Amino acid sequence: MSRASSSISAAVAAAILASAPVALANGRFPESNQIAFAAHDPDLVLLRVTFGLLVSHDRGKTFQWVCEQSIGYSGVEDPMYTVTPSNAIIGTTFQGLTVTRDNACNWSFATGELNEAVFIDLSANPKDAKNVVVFASSYDKEDDAGKYYFTSKIWETKDEGQTFQQLGAALDSSLLGYTIDLTSTDPNRIYASAVRHPGPTPKGVLLTSKNHGQTWEEEPVQLLEEERSFFIAAVDPTNAERVYLRTYATSIDKPTRLLLREADPDGGAPTLRTVYAAPSALQGFALSPDGAKVYIGGPKDGVKVASTQDFVFEQRSNVEVQCLALGPDGLWACSNERSGFVAGLSKDDGATFEPRLRFCDIGGPIASCGPGTATNDRCAQLWPEQKQILGCGGDTGVPGDGGFADAGPGFAPDKPPPSGCDCHASPAGPWGAFVSVVGAAVALLRRSRRARKS
């Protein structure tokens, strides 16, 4: 084992031991952390959770479960998902790129070189959902000076994941990639975020391609003391030069920032400025379709909204935010049982949320997936244990018990709180700290392991 893997393993082990009281099943406390919509099917909603994927075909009235094992991964990993016009779902995993075309009943990995890659992010073309770019980045080696090197490549599909073509050559091997984004107004522009030689003093780099991934220009992103990386939050839908970035710190309790990258009006190098400094992790971000309004959220910030003309943020509620997504019906949020929901919808700009899901409302594995499908055969046998982990194993006689006892400001139940459920509230402090401290280390370790297997 190299020094890189050894030191990362030590960090992972220490974090796991420190958070042992809340470690469940795959070592992660049940949480929701991404909401994805289907542009061509308004009823289809995906909710990523730390124990797999939840799928709704009635705009969040009901959700059913797809276990990690069916999708093709397990452990501390959060795949990114997108839905194509034919309702195929494409997901990024450290084991490869996974795709389902039959309502999430069966999943398969892309073949060839893509099956050997460690995928970290994807982005669908805002103008054509058949067109998706996928980003792979994994550990390659360590030199005698202790610097790490990586293999990072980008592929593109124009036919909903049937075929893929690599865009350009591999990126600079000193860069560890994190996120990628396409733009609405410039079909040739692609942005990617990365860190050069990650370690005690990482150097953030925003990569810009103006010729669809053939060549890249670098822009430095200065990271503060506790910050270790940054993510592309969004590109302005009306201006490809305006890019929102979120920094990521060593712990969920450490300060982070929302940055705005813009073109210099005088024609010089693009500028980068802080538009919001958060006391802790910014886990939620959403931008209005016209780019005029921005929403942010986190476990300590609650939900805040601002005009992109002045970035004066207004507190809308104190809901503990784990993700935000803007749909035509309003602002969706991931939260935890203390807020009364793990997926909620706000129709008043985040002031109040109607619950769309509590963990005890999950309807089990997808019912339409019959025997012989991965989701039926693998997930059905795991569901009883998963219900117990969620605290929903008892027969209370009350369908969809949700546990509203600790609901906080901004919660607007659409029915009276039921009784009898033992749904667990997410311990944001211990578990959140565990995820933030160990997340990057686990990713690097697993990317390293995957690279050595190929």
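Calculation criteria
Residues numbered from 1 in each chain as written. Predicted model: local features only at pLDDT ≥ 70, side-chain atom pairs only at ≥ 80, totals over all residues. Heavy atoms only, no water. Helix = DSSP H or I, 4+ residues; strand = E, 2+ residues; numbered from the N terminus. Buried < 20%, exposed > 50% of the residue type's maximum accessible area, 1.4 Å probe, protein only. Contact = heavy atoms within 4.5 Å. Areas by Shrake-Rupley, 256 points an atom, 1.4 Å probe, with all protein chains shown as cover. Core = buried A, V, L, I, M, F, W, Y, C linked by side-chain atoms within 4.5 Å. Polar contact = N/O pair within 3.5 Å; in protein donor to acceptor, adjacent residues only side chain to side chain. Disulfide = S-S within 2.5 Å. Phe/Tyr/Trp six-rings, centres within 6.5 Å; stacked < 30°, edge-to-face > 60°. Lys NZ or Arg CZ within 6 Å of the ring centre and 35° of its normal. Pairing = 2+ DSSP bridges. Axes fitted to C-alpha atoms, helices over the stretch in contact; angles between N-to-C directions. pLDDT = per-residue confidence, 0-100. Salt bridge = Lys/Arg side-chain N within 4 Å of Asp/Glu carboxyl O. Bend = angle between axes of the 7 residues up to and from the residue.

## Thoughts on the overall build of the chain
Now for step 1: Secondary structure summary: the chain contains four helices and 28 strands in total.
Now for step 2: For the chain, the residues scored as buried account for 55% of the 454 residues in total.
Now for step 3: The contacts of the chain with a sequence gap of at least 6 include a subset with a gap of at least 24, amounting to 50%.
Now for step 4: Roughly 18,100 Å² of accessible area belongs to the chain as shown, and the carbon and sulfur atoms make up 51% of that amount.

## Concerning the nonpolar core
One broad trend across soluble globular proteins is that nonpolar side chains are buried collectively.
Now for step 1: Grouped together as the largest cluster of nonpolar side chains are 24 residues, with contacts concentrated most on I35, L47, L54, W65, L357 and I362.
Now for step 2: L46, V66, C105 and I366 belong to the second-largest nonpolar core, a separate cluster that totals 17 residues.

## Re the environment of R228
Now for step 1: Mapped onto the secondary structure, R228 falls in strand 17 (residues 227–235).
Now for step 2: The class for R228 is partly exposed, based on a relative accessible area of 26%.
Now for step 3: With 28 residues separating them along the chain, R228 and P200 place their C-alpha atoms 8.2 Å apart.
Now for step 4: Each residue touching R228, except ones within four places of it in the same chain, is listed here: V195, G199, P200, P202, L223, Y248, A249 and T250.
Now for step 5: At 3.0 Å, the side chain of R228 and the backbone oxygen of E225 are in polar contact.

## Comments concerning the state of the cysteines
Now for step 1: Inspection of every chain in the model, using the stated rule, returns four disulfides.
Now for step 2: Between the sulfur atoms of C67 and its disulfide mate C379 the distance is 2.1 Å. Disulfide C67 to C379: torsion about the S-S bond roughly -80 degrees, handedness left-handed. You can see C67 sitting in the loop between strand 4 (64–66) and helix 2 (68–71) and its partner C379 sitting in helix 3 (residues 374–390), a full 312 residues away along the chain.
Now for step 3: For C379, a relative accessible area of 0% corresponds to the buried category.
Now for step 4: Here C105 engages in a disulfide with C369; their sulfurs sit 2.0 Å apart. Taking the sign of the S-S torsion, -85 degrees for the link of C105 and C369, the bridge is left-handed. Residue C105 is found in the loop between strand 7 (96–100) and strand 8 (108–109), and its partner C369 is found in the loop between strand 28 (354–357) and helix 3; the two are separated by 264 residues along the sequence. An identical accessibility class is assigned to C105 and C369; each is buried.

## Some remarks on the packing of aromatic side chains
Now for step 1: Applying the stated criterion across every chain yields a total of 14 aromatic pairs.
Now for step 2: Through successive ring pairs, a cluster of aromatic residues spans F51, W65, F359 and W383.
Now for step 3: Above the plane of the ring of Y149 lies K141, whose end atom (NZ or CZ) is 6.0 Å from the centre.

## Observations concerning the sheet that holds strand 23 (residues 302–307)
Now for step 1: If you walk across this open sheet you meet the four strands as 21-22-23-24, and the pairing is antiparallel. On the outer flanks of this sheet lie strand 21 (284–287) and strand 24 (314–317), each paired with one strand and no other. Across this sheet, the average inter-strand angle for adjacent strands is 25 degrees, counted without regard to direction.
Now for step 2: Two strands pair when backbone bridges link them, and strand 21 and strand 22 (residues 293–298) are joined in this way by four bridges, in the antiparallel orientation. From the neighbouring strand, G284 faces strand 22, where its bridge partner is G297.

## Observations regarding the sheet that holds strand 17
Now for step 1: Overall, antiparallel pairing links the four strands, which are arranged 17-18-19-20 in an open sheet. Because the sheet does not close on itself, it has two edges, and the strands there are strand 17 and strand 20 (271–278). Neighbouring strand axes in the sheet, compared pairwise and without regard to direction, differ in orientation by 25 degrees on average.
Now for step 2: Relative to strand 18 (residues 243–249), strand 17 runs antiparallel, the two sharing seven bridges. Paired with A234 across the strands is Y244, a residue of strand 18.

## Structural notes on the confidence of the model for the chain
Now for step 1: This prediction gives the chain a mean pLDDT of 84; 81% of its residues lie at or above 70.
Now for step 2: Note on residues 1–23: pLDDT under 50 across the span, and 31 contacts to partners over four residues away in sequence or across chains.
Now for step 3: Overall, residues 395–454 carries pLDDT values under 50, and its contacts beyond four positions in sequence, including any with other chains, amount to 156 contacts.

## Considering the pattern of salt bridges
Now for step 1: Throughout the structure, instances matching the rule amount to 20 salt bridges.
Now for step 2: Salt-bridge contacts for R196 lead to D172; the nearest nitrogen and oxygen are separated by 2.8 Å. Here R196, found in strand 14 (residues 190–196), pairs with D172, found in the loop between strand 12 (165–166) and strand 13 (175–182); they are 24 residues apart in sequence, far enough to count as distant.
Now for step 3: Overall, D172 belongs to the partly exposed group, its relative accessible area being 35%.
Now for step 4: A salt bridge links R261 to E241, with the shortest nitrogen-to-oxygen separation between them at 2.7 Å. Of the two residues, R261 is situated in strand 19 (residues 256–262) and E241 in the loop between strand 17 and strand 18; the sequence distance between them amounts to 20 residues.
Now for step 5: Here the salt bridges share partners, and the residues they tie into one network are D186, R189, E219, E241 and R261.

## Let's talk about helix 3
Now for step 1: By the largest-angle criterion, W383 marks the main kink of helix 3, which is about 45 degrees, and a proline, P384, follows within four residues.
Now for step 2: Every buried residue of helix 3 is listed here: A374, T375, C379, W383, Q386, I389 and L390.
Now for step 3: Of the surrounding secondary structure, the elements contacted by the buried residues of helix 3 are strand 4 and helix 2.
Now for step 4: Once helix 3 ends, the next one or two residues include G391, with phi positive near 80 degrees.

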